[in-house]
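Each chain, written out:
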Amino acid sequence: MTRLYCANIVYAPACGEVVALEHHYIAVENGKVAGLYKDKPNEFKNLPIIDFGNQIMIPGFCDIHLHAGQFPNDGIGYNGQLMEWIQNYAYDVEQSMSQLDYARICYQKLIESLWKYGITRSVILGTHQRQTNELLFQLLEQSKLGAWTGKSVCDRSSTGNADETTETAISDLLYFCNTYGNKSDLVRFILSATYVPGCTPGSMELMGILAKLYNLPVSSHLCENNDEIELVKSLHPDYPNYASVYKGFHLWGETKTVMAHCIHTTEEEKELLEDPNIWVAHCPHSNLNLSSGIMPLREYLDRKLQVGLGSDIAAGHTLNMMSTMTAAIQCSKMYWLTHPDKKPITTKEAFYLATRGGGSLFGNIGSFEVGFEFDALIIDEYNLYHSPNLSLWERVEQFIYLGDDRNIVKRYISGNEVLKPVF
Ligand code: FE
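Residues numbered from 1 in each chain as written. Predicted model: local features only at pLDDT ≥ 70, side-chain atom pairs only at ≥ 80, totals over all residues. Heavy atoms only, no water.

### Describing the overall build of the protein chain
Here's step 1: Scanning the protein chain from terminus to terminus reveals 13 helices and 17 strands.
Here's step 2: A compact globule built from 423 residues should have a C-alpha radius of gyration of about 22 Å, and the protein chain, at 21 Å, falls within 12% of that.
Here's step 3: When the backbone C-alpha atoms are referred to their principal axes, the protein chain occupies close to 65 × 50 × 35 Å.
Here's step 4: Look at the contacts in the protein chain between residues 6 or more apart in sequence, and 75% of them connect residues 24 or more apart.
Here's step 5: With the model as given, the accessible surface of the protein chain reaches about 16000 Å², and the carbon-plus-sulfur share is 49%.
Here's step 6: Across the protein chain, 33 positive and 49 negative side-chain charges occur, with their mean positions spaced 7 Å apart. (Helix = DSSP H or I, 4+ residues; strand = E, 2+ residues; numbered from the N terminus. Rg over C-alpha atoms; globule rule 2.2 N^0.38 Å. Contact = heavy atoms within 4.5 Å. Areas by Shrake-Rupley, 256 points an atom, 1.4 Å probe, with all protein chains shown as cover. Lys, Arg positive; Asp, Glu negative; His and termini not counted. Charge placed at Lys NZ, Arg CZ, Asp CG, Glu CD.)

Spelled out as structure tokens, the structure:
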């Protein structure tokens, strides 16, 4: 099926490069972008046009790191740092998700929020509980949003709590690989280690095997906090650094791998991050809330690492990707003050990270280049100050800084309009 849309079209095909096309046509065939045209193309002359007038079409946002089970804790407990926060908040709220009626309410609200903020694709770490993760799969499939999700393994008690035994972790992993491994294009199982101190060598070894066997992506955390790094050193003294532990267990770049935070990385770890199968999830709100530090984003972009943005709910407090973009820009400005050779990122670069940067993890996602999935948001700035002198890109820039979910009036994923989920 072919559809023809007309709108002001803005996308970022490369980091720092934005294409802004006023009143252009975009043809979508079988859910993918087939072409962009200044004038209505002859080949589609008989097709009706879906005309968005003066509204703006941008790619859907991609949030490549968040925790479903922590959603009820949004905005709570940010007075300490990571290890204290995990002890006092994260474990307890994830345990409470074993009550399925409660988890259902929380997950429905989470999915509604993803929809609200135009997050068309995401990486969602689940809890350790099998039934709670099944519920999350079902609700996501119902919503028609794109997500890689599933059980987060936490079978080691090095921080005082272990959520599960290694036997349960292994049995659940095998179940999810077989049941959800490649069940659907939109909602897919991702192998998630909570972080190195939360996993035994046994569960990490199995995840490494399953990743290759089922060709499944991997997700975890890296070098978020200095106490965490010291803990990893004490647990794995034979490895030269944090990243090499994942590599040693075949959880590093053998399939697509997302590592969140990557703040306090050594030169050797930065070299490991250059692997073409590694994506860095930059989570600026979380890093500020837990005083974790500022990721060297400019250095990573200079080194051509693949970087996307993550809300890191609930250490981050909002799924609002426009807010995450501005936080990434502002963090890079603070970093620049102490690293004068690392200039701040621009709004165009942040826009790329929120769309094509994170989207590249999922495939041809996050742009309107020919062959890309038509994941799109329609933006209406009806309630924003809108000078007639603004360029099309300046209008998007203003939406990023001043806009909110009210300005996102339509969402498309793979060519289909996605309506507000009704559960
Ligand atoms: Fe996280």
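Next comes the rest of the account.
### Focus: the coordination of the iron ion
Here's step 1: Surrounding the iron ion are the protein donor atoms His-65 (NE2), His-67 (NE2), His-221 (NE2) and Asp-312 (OD), which sit 2.1 to 2.3 Å from the metal.
Here's step 2: Its 4 donor atoms give the iron ion angles of 88 to 171° at the centre, a pattern that matches the irregular case.
Here's step 3: Sequence spacing of the donor residues for the iron ion, all on one chain, is H-x1-H-x153-H-x90-D. (Donors = N, O, S within 2.8 Å, 3.2 Å for Na, K, Ca; no water. Tetrahedral: all angles 85-135°; square planar, octahedral: opposite > 155°, others 65-115°.)

### Points about the pairing of strand β16 (residues 408-413)
Here's step 1: Bridging between strand β15 (residues 376-379) and β16 involves 4 bridges; their strand directions are antiparallel. Within the sheet, the bridge partner assigned to Ala-376 lies in β16 and is Tyr-412.
Here's step 2: Here β16 pairs with strand β17 (residues 416-417) via 2 bridges, running antiparallel. By the bridge assignment, Ile-413 is partnered in β17 with Asn-416. (Pairing = 2+ DSSP bridges.)

### Some words on the packing of aromatic side chains
Here's step 1: Throughout the structure, instances matching the rule amount to 18 aromatic pairs.
Here's step 2: When the centroid spacing of 6.3 Å and the interplanar angle of 35° are considered together, the rings of Tyr-239 and Phe-249 count as tilted. With a gap of 10 residues between them, Tyr-239 in the loop between α6 (226-235) and α7 (242-248) and Phe-249 in the loop between α7 and β12 (257-261) connect regions that are remote in the sequence.
Here's step 3: Joined through ring pairs, the aromatic side chains of Tyr-5, Tyr-11, Phe-52, Phe-368, Phe-374 and Tyr-412 make up one cluster.
Here's step 4: The ring of Tyr-175 has Arg-130 lying over it, and the distance from NZ or CZ to the ring centre is 4.3 Å. (Phe/Tyr/Trp six-rings, centres within 6.5 Å; stacked < 30°, edge-to-face > 60°. Lys NZ or Arg CZ within 6 Å of the ring centre and 35° of its normal.)

### Focus: the nonpolar core
Here's step 1: One finds Ile-58, Phe-61, Leu-191, Leu-222, Met-325 and Phe-351 to be the most contacted residues of the largest nonpolar core, which totals 107 residues.
Here's step 2: Considering every element that reaches this core, the biggest residue donor is helix α2 (residues 100-116), with 7 residues.
Here's step 3: If we ignore the near neighbours within four places in the chain, the residues touching Ile-58 are Val-10, Phe-351, Phe-368, Asp-375, Ala-376, Leu-377, Ile-379, Val-396 and Phe-399.
Here's step 4: Grouped together as the second largest cluster of nonpolar side chains are 15 residues, Leu-21, Phe-52, Met-57 and Phe-374 included. (Core = buried A, V, L, I, M, F, W, Y, C linked by side-chain atoms within 4.5 Å. Buried < 20%, exposed > 50% of the residue type's maximum accessible area, 1.4 Å probe, protein only.)

### Regarding the packing of helix α11 (residues 321-338) against helix α12 (residues 347-359)
Here's step 1: At a minimum axis separation of 9 Å, α11 and α12 run at an interaxial angle of 130°. With respect to α12, the axis of α11 lies oblique. Pair α11 / α12 crosses with right-handed handedness. Of α12, the residues touching α11 (which contributes Met-321, Met-325 and Ile-329) are Thr-347, Ala-350, Phe-351 and Ala-354.
Here's step 2: Considering only residue class, the contact of α11 with α12 consists of 6 nonpolar, 1 polar and no charged. (Axes fitted to C-alpha atoms, helices over the stretch in contact; angles between N-to-C directions. Parallel < 35°, antiparallel > 145°, perpendicular 65-115°, else oblique. Left-handed = near helix turned anticlockwise from the far one by under 90°. Nonpolar A, V, L, I, M, F, W, Y, C, P; charged D, E, K, R; others polar.)

### With respect to the pattern of salt bridges
Here's step 1: Overall, the coordinates contain 17 salt bridges when judged by the stated rule.
Here's step 2: Of the charged contacts in the structure, one is a salt bridge between Lys-270 and Glu-299, with a shortest N-O distance of 3.2 Å. In this pair, Lys-270 sits in helix α8 (residues 267-273) while Glu-299 sits in helix α10 (residues 297-302), placing the two residues 29 residues apart along the sequence. Each of the two residues, Lys-270 as well as Glu-299, counts as buried. (Salt bridge = Lys/Arg side-chain N within 4 Å of Asp/Glu carboxyl O.)

### Quick notes on the sheet that holds β15
Picture the strands of a sheet paired through backbone hydrogen bonds; they go either parallel or antiparallel.
Here's step 1: Taken together, the 7 strands give an open sheet; going across it, the order is β3-β2-β1-β4-β15-β16-β17, and neighbouring strands pair in mixed fashion. The two strands at the open ends of the sheet, each matched to only one other strand, are β3 (32-37) and β17.

### Quick look at the environment of Ile-408
Here's step 1: One can find Ile-408 in strand β16.
Here's step 2: In this structure Ile-408 comes out as buried when scored by relative accessible area, which is 4%.
Here's step 3: When the C-alpha positions of Ile-408 and Lys-116 are compared, they lie 7.7 Å apart, and in sequence the two are 292 residues distant.
Here's step 4: Not counting the four nearest positions on each side in its chain, Ile-408 is found in contact with Lys-116, Tyr-117, Gly-118, Met-322, Leu-377, Ile-378, Ile-379 and Phe-399.

### What to know about the environment of Ser-367
Here's step 1: Following the sequence through the fold, Ser-367 ends up in the loop between α12 and β15.
Here's step 2: Of the residues examined, Ser-367 reaches a relative accessible area of 1% and is grouped as buried.
Here's step 3: Through-space distance from the C-alpha of Ser-367 to that of Thr-355 is 6.9 Å; in sequence the pair is 12 residues apart.
Here's step 4: Not counting chain neighbours up to four residues away, the residues in contact with Ser-367 comprise Tyr-11, Ala-12, Pro-13, Pro-59, Arg-356, Phe-372 and Glu-373.
Here's step 5: At 2.5 Å, the side chain of Ser-367 and the side chain of Glu-369 are in polar contact. (Polar contact = N/O pair within 3.5 Å; in protein donor to acceptor, adjacent residues only side chain to side chain.)

### Describing a nonpolar patch on the surface
Here's step 1: Side chains of Met-334, Trp-336 and Leu-337 sit close together on the surface and give an oily, nonpolar patch of about 340 Å² of accessible area.
Here's step 2: Using a relative accessible area of 38% as the deciding quantity, one classes Trp-336 as partly exposed. (Patch = residues over 30% accessible without salt bridge, like charges linked within 9 Å, V, L, I, M, F, W, Y side chains within 5 Å.)

### Some words on α6
Here's step 1: Taken residue by residue, α6 has Glu-228, Ile-229, Leu-231 and Val-232 as its buried positions. Take α6 and look down its axis: the buried residues cluster within an arc of 160°, on one side only.
Here's step 2: Elements in contact with the buried residues of α6: α1 (82-96), β11 (218-222) and α7.
Here's step 3: For α6, the side-chain oxygen to backbone nitrogen distance between the N-cap and Asp-227 is 2.7 Å, and the N-cap itself is Asn-225. (Arc of directions from axis to C-beta.)

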